[in-house]
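Each chain, written out:
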Amino acid sequence: MGFTFSIGDVEVFFPYDTVYPEQLDYMIELKHTLDAKGHCILEMPTGTGKTVALFALITSYQFFHPEVGKLVYCTRTVPEMSKALEELRNVIEYRVEVLAGRRVAQSLAETEAVTGDILAVGLSARRNMCIHPEVSREADRERIDEKCRELTASFVRSHANVDSRKTCEYYTRYQDFAAGVGRGCALPNGVYTVEDLAALGAQEKNKWCPYFMSKRLLQTASVVVLNYQYVLDPKVSQVTMLGGADIPVRNPEGSRIDEVVPGAMKEPSIVVFDEAHNIDDVCIEALSVRLDSTSLERSSKNLTDLAAKVEQTKQIDAARLQEEYQRLVQGLQDAGEIDDQVAERISSPVLPDDIVVEAIPGNIRRAEHFINLMRRVVLFLKSYLKERREARTEGALSLQHRMEEEAQVDSRTLKFCYDRLRSLLNTLEVVNVDEFGPITRVADFCTLLGHYVKGFIAIVDPYPEAHGIYDPVFDFSCLDAAIAMRPVMKRFQSVILTSGTISPLEMYPKMLAMTNVVSTHSFQIQLDRRCICPMIVSRGSDQVPVSSRFALRDDPSVVRNYGQLLEDLVATVPDGMVCFFPSYAYMEKVIKKWYETGVLARVMAKKLVFIETKDIVATTYALANFRLACDCGRGAVFFSVARGKVCLPETVAGSGAQVSEGIDFDRHYGRCVVLFGVPFQYTLSKVLRARLEFLKEHHKIQESEFLTFDAMRAASQCVGRVIRSKRDYGIMVFADQRYSKQDKRDKIPEWIQTFMDIAATNMSADGAIQGAREFLLQMSQPQIIDSTTCKSLLSPDVARQRAADKSKASAVHGFIQEEDRPGKRARIV
C-alpha cells in the first residue's frame, strides 16, 4: 500500500496506492512555497484528501531538509485534530516501512538516522486529557481546571509535606519522569493523538499526566497539532512552549535529544492553519475584550475578595507579601517566578513582541495600592458605560487621556495590570482563578489599552440585542486582524492558510497584511461523474423574485415561494436535508409563517424537522436525533443559521464552532443543502461599522467589497458541508436572486462554479426541482469506473511522470534571473 514519487529534490512518501490529480497539484504548490521560504493561501476542494497531501509533502520535505524545523498544524476541534494525527500516522508508518525495506535490500545496519520515524503530538484542554479519577469526572471545564490546580499548584505541593495536602499522583509521576529524562524526549518516536497520550499515561507502568506531558513534548516534537488559539491568542500562546527559547539540537528524525546548543534553533519554521476561512475573525476575537454591567459588578466583588485575602495573608504570613514586593522591585524579568498554573490561566493579552521589559511601576508594587488602582478603573468603566443612553465610539488614545484625567491612571501603569494581577494571585495562592475572571478581563483591557493605540476602538452600545432593552455593553475591539498575525508572520518561515472554502483568496493578504505571499491558488476537482449539482434559484414558481434582503423580508410572496421550494425539495430529495438562514431572527420569522400556513405540517408528513437554537444542549440533542432519523430511513430536515454561534461538544476549550462549519452533513445526512438568503452580517453593528471604516482607511478595502466577501465565504462554508469525498454527492441550492449577480457568483469557490451551468445561474423554483430530479436519477445509476479512462485517480506511474513534468515546468517558468545583476539569487515571480 502506497508509493513514492519525486517533486524536485524531495521524495514524497504517499501512503495510498493512487493519488488525486488535485492532491498532486496541491503538493507541488506547497513545495514551491517551502522552497521560496514564503507564504501561501490554497483552496483545496472538500473531500479530496487535503490533509494527507499536506502531511505527505511537508514531512517528506522535513526529512530531506531537516533545517526547515518543525511543523505546527493548527485546527479547530478535537475530532479534526484526531483525524489529522491519524492521517499523519499513516504517512509516517508507510515511510518507516519503505525505508526499512530499503535498509534490508542494501544490507544496512539499523540506525536511527534512516528509520524515518518522528515524534508528533496533539495538545488539547485538560478536560480532554485529564485521567485523574476524581477530576476527570467533573462535567464543567472550569471545574476541571480548578480541581487540577488544587492538586498541582506549586504552593500546594510545597505545603503537602507540612499539612498533608492532597496532590495529584499523575502530576508527581510526570515530574519524576521528566526530571529523569532531563531535556531529552520523554516518549519514543511515534504519532500520539490526545486519546493515545491519555491511554499511555493511564498505564500502570507510567501513571503520568498526559496534559503536562504533551506540553513538555511541544518543543521536541517534529510535528505539533493544536488549536488556533495556541498560536494566535497571546493569552494562551504564552505557555505553549512553541518557541522563543533555545531548542535542543536533534537528529534528522527530530526525536532524541543529545545536547542543548544555545540559539541552535529559535522557532519552528512552518505553520499551517487548516480551515482558515475565518482566521481574521479568530485574530480579532483574540485581542478584543467585552465588558457589561454584570461583569463590572463582579469585578468589584473580586477586588473586595482580594483585599480581604491580602489582609488575611498579612496576619498569617506577611513575609510572603514582602517577598513579592522585593521581586517586583527587582524588575519584571526577575519577578518572573510565577506559578505556571496561574500563568496559564491568566496569560498576557499582549503579543509577546509588544511586552515591555522593564520594572513594574512603584505605585502598584504594593498589593493594597494595586487593588485601589483597579477599583478606580472599575469605577471609571461603570461611569463610562452609563454616561449616555446612546451608542458612541472613542479611539484608544482618547480613552487613555480620559482615564488619566478622571481615574488618575497613566498609560504606563496600565501596561502592567496583567503582570501585577498575575503576581498577586500567585502570592495569595489563589487556586480557583476562574472565580476572578471578571477582574482578569478588566486587567486585560487595561493592558491592551496601555500597549496599543492604533487598530483598536472603544464602543459603548446601550441596546446590544436590538430589542429595546437597555443593557449597555462596552467593547474594546481590535479592528486589525494583522496585529495578531504579524508576530506569526515574523516568527515562522512559511505560513500556509488552507481550506476547502476560502474564496476569494485575494482578500486575505490585504486583511492580514501578508507579505512574501508566493502562491494564492484555488484547485479544481476532477470527477468521473458529475456528483455536485449547484443551482441558483432567483425566483419562485410564480416568477416572483425571492430574496432575504431587508426590504423583502416581510413580503408574503417570498416566504410562500421559499416554503413551496422546501416542500418540493422534501418530496424529491431522499434522506437528509440542511437549510441555512442568514440569522436566528429571520429563521424564526419564516418558520412561524410556515407553521401558520401549514407548510411545516406538509413537510413533516415526509421528513422530520429539527431546528438549531442558541441552547447548546438542545442543539446537540437535535443533531443526534437528526442523524438517527436519517439512519433509520425516515429522513429529516435540519434548520440552521449560517452564523449560528453554537459551541458544540467536540470543540476544544475556548473556541466557538458553528453548525455551518463545525458539523459535516456528508453522505445520506446531507443530500441537499439550501441557503435561504445571503448571510450578510448585521450591518448596523457598531463593531462592524468601525471595522469597515478601518479596512477602508488602512487597507483600501471598500465596505461593499468586504461585506460581499464575508457573506459569500459564509455561504461557501454552508454548502461545503455536504461533500466530504469524491464518492459523495449532493445538491447545493442558493435561493436568493442576489446570487445570480456577477459580483456574488464570482466569489463562489471555483471548484463549485465548475459544475454550475449557465442555465443554473438564474433558475426558477420549478426549474431547480426538475434539475434536482434529473441529478438524483443520474446518481442512482451504478458507477462503472474504467481504469484506463479514469480522470479522478492517478496511478503511481502516471503520478510520477506528471510530478516530474510539472517540476520541470516550475523550474523553467517559476524563476527568472536578473541578468543585469549577476550573482543575485533568483526571485519568485
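The structure reproduced in this document is the subject of the present report. Model, not experiment: these values are computed from the prediction.

1. Some words on the overall build of the chain
The number of helices and strands found in the chain is 32 helices and 25 strands. Sequence-distant contacts in the chain: of pairs separated by 6 or more residues, those separated by 24 or more amount to 79%. Accessible surface computed for the chain: about 34100 Å², of which carbon and sulfur atoms make up 50%.

2. Some remarks on helix H5 (residues 141–152)
Relative to the 16 Å expected for 12 residues at 1.5 Å per residue, H5 spans 16 Å between its end C-alpha atoms, a close match to the ideal helical length. Looking only at H5, the buried set comprises Ile144, Asp145, Glu146, Lys147, Cys148, Arg149, Leu151 and Thr152.

3. Overview of the pattern of salt bridges
Enumeration over the complete set of coordinates arrives at 41 salt bridges. Between lysine 510 and glutamate 705 there is a salt bridge; the shortest N-O distance is 3.6 Å. Residue lysine 510 is found in helix H21 (residues 507–511), and its partner glutamate 705 is found in helix H28 (residues 703–719); the two are separated by 195 residues along the sequence. Judged by relative accessible area, lysine 510 falls into the partly exposed class, the value being 34%. On the basis of relative accessibility, which here comes to 27%, the residue glutamate 705 falls in the partly exposed class. Between arginine 800 and aspartate 797 there is a salt bridge, with its nearest N and O atoms 3.2 Å apart. Of this pair, arginine 800 and aspartate 797 both sit in helix H32 (residues 796–813), separated by 3 residues, roughly a single helical turn. Assessed through its relative accessible area of 60%, aspartate 797 is described here as exposed. When salt bridges with common partners are traced through the structure, they connect Asp280, Asp281, Arg691, Asp710 and Arg713 into a single cluster.

4. Quick look at unusual backbone geometry
At the junction of serine 503 and proline 504, the peptide bond is cis and its omega measures out at -5° in the coordinates. Here proline 504 is to be found in the loop between strand S15 (494–499) and H21. Of note in this structure, lysine 37 is not a glycine but carries a positive phi near 55°. Structurally, lysine 37 can be placed in the loop between helix H1 (21–36) and strand S3 (39–43).

5. What to know about the packing of aromatic side chains
All chains considered together, the criterion is met by 33 aromatic pairs. Ring plane angle 45° and centroid distance 5.7 Å describe the contact between tyrosine 171 and tyrosine 174, whose orientation is recorded as tilted. With tyrosine 171 and tyrosine 174 both in helix H7 (residues 169–181), this residue pair falls 3 residues apart, about one helical turn. By relative accessible area, tyrosine 174 is classed as buried at 11%. Here tyrosine 228 and phenylalanine 273 contribute two aromatic rings whose centre-to-centre distance is 5.5 Å and whose plane-to-plane angle is 70°, an arrangement assigned as edge-to-face. Taken as a pair, tyrosine 228 in the loop between strand S7 (223–227) and helix H10 (229–232) and phenylalanine 273 in strand S10 (residues 270–274) lie far apart in primary sequence, 45 residues in all.

6. Remarks on the pairing of S10
For S10, a buried count of 5 out of 5 residues is recorded, marking the element as mostly surrounded by other parts of the structure. Of the two faces of S10, the one lined by Ile270, Val272 and Asp274 and the one lined by Val271 and Phe273 are each fully buried. Bridge analysis of strand S4 (residues 71–75) against S10 gives 4 bridges, and the strand direction is parallel. Across the sheet, residue tyrosine 73 finds its bridge partner in S10, namely valine 272. Note that S10 and S15 share 5 bridges and pair parallel. Residue pairing in the sheet places aspartate 274 in a bridge with threonine 498 of S15.

7. Some points on the environment of cysteine 417
Along the chain, the position of cysteine 417 falls in helix H18 (residues 417–427). Take cysteine 417: its relative accessible area is 0%, and that puts it in the buried class. Separated by 27 residues in sequence, cysteine 417 and aspartate 444 have C-alpha atoms that sit 7.5 Å apart. Excluding its chain neighbours within four sequence positions, the residues that come into contact with cysteine 417 are Phe370, Leu373, Met374, Ala443, Cys446 and Thr447.

8. A word on the side chain of histidine 668
Structurally, histidine 668 can be placed in the loop between helix H26 (659–662) and strand S21 (672–676). By relative accessible area, which is 17% here, histidine 668 ends up buried. Contacts of histidine 668, omitting those with residues within four sequence positions, involve Asp575, Gly576, Cys630 and Asp631.

9. Let's talk about helix H12 (residues 279–286)
Counting buried residues along H12, 6 of its 8 residues qualify, which places the element largely inside the surrounding structure. By the burial criterion, the buried members of H12 are Ile279, Asp280, Val282, Cys283, Ile284 and Ala286.

10. Focus on the side chain of threonine 77
You can see threonine 77 is positioned in the loop between S4 and helix H3 (78–105). Judged by relative accessible area, which is 7%, threonine 77 ranks as buried. Within the local environment of threonine 77, its side chain forms a polar contact with the backbone nitrogen of glutamate 80, the two atoms lying 3.3 Å apart.

11. Regarding the sheet that holds strand S11 (residues 289–292)
Read from one edge of the open sheet, 4 strands run S11-S14-S13-S12, paired in antiparallel fashion. With one partner strand each, in any of the chains shown, S11 and strand S12 (392–395) form the two edges of the open sheet. Sheet twist, expressed as the average angle between the axes of neighbouring strands with direction ignored, equals 15°. Two strands pair when backbone bridges link them, and S12 and strand S13 (residues 456–461) are joined in this way by 4 bridges, in the antiparallel orientation. Looking at the pairing, threonine 393 lines up with isoleucine 459 of S13. Contacting S12, S13 and strand S14 (473–478), helix H16 (residues 396–406) runs over the sheet at an angle of about 90° to S12.

Cut-offs and rules
- Residues numbered from 1 in each chain as written.
- Predicted model: local features only at pLDDT ≥ 70, side-chain atom pairs only at ≥ 80, totals over all residues.
- Heavy atoms only, no water.
- Helix = DSSP H or I, 4+ residues; strand = E, 2+ residues; numbered from the N terminus.
- Contact = heavy atoms within 4.5 Å.
- Areas by Shrake-Rupley, 256 points an atom, 1.4 Å probe, with all protein chains shown as cover.
- Expected span 1.5 Å × (residues − 1).
- Buried < 20%, exposed > 50% of the residue type's maximum accessible area, 1.4 Å probe, protein only.
- Salt bridge = Lys/Arg side-chain N within 4 Å of Asp/Glu carboxyl O.
- Phe/Tyr/Trp six-rings, centres within 6.5 Å; stacked < 30°, edge-to-face > 60°.
- Pairing = 2+ DSSP bridges.
- Polar contact = N/O pair within 3.5 Å; in protein donor to acceptor, adjacent residues only side chain to side chain.
- Axes fitted to C-alpha atoms, helices over the stretch in contact; angles between N-to-C directions.

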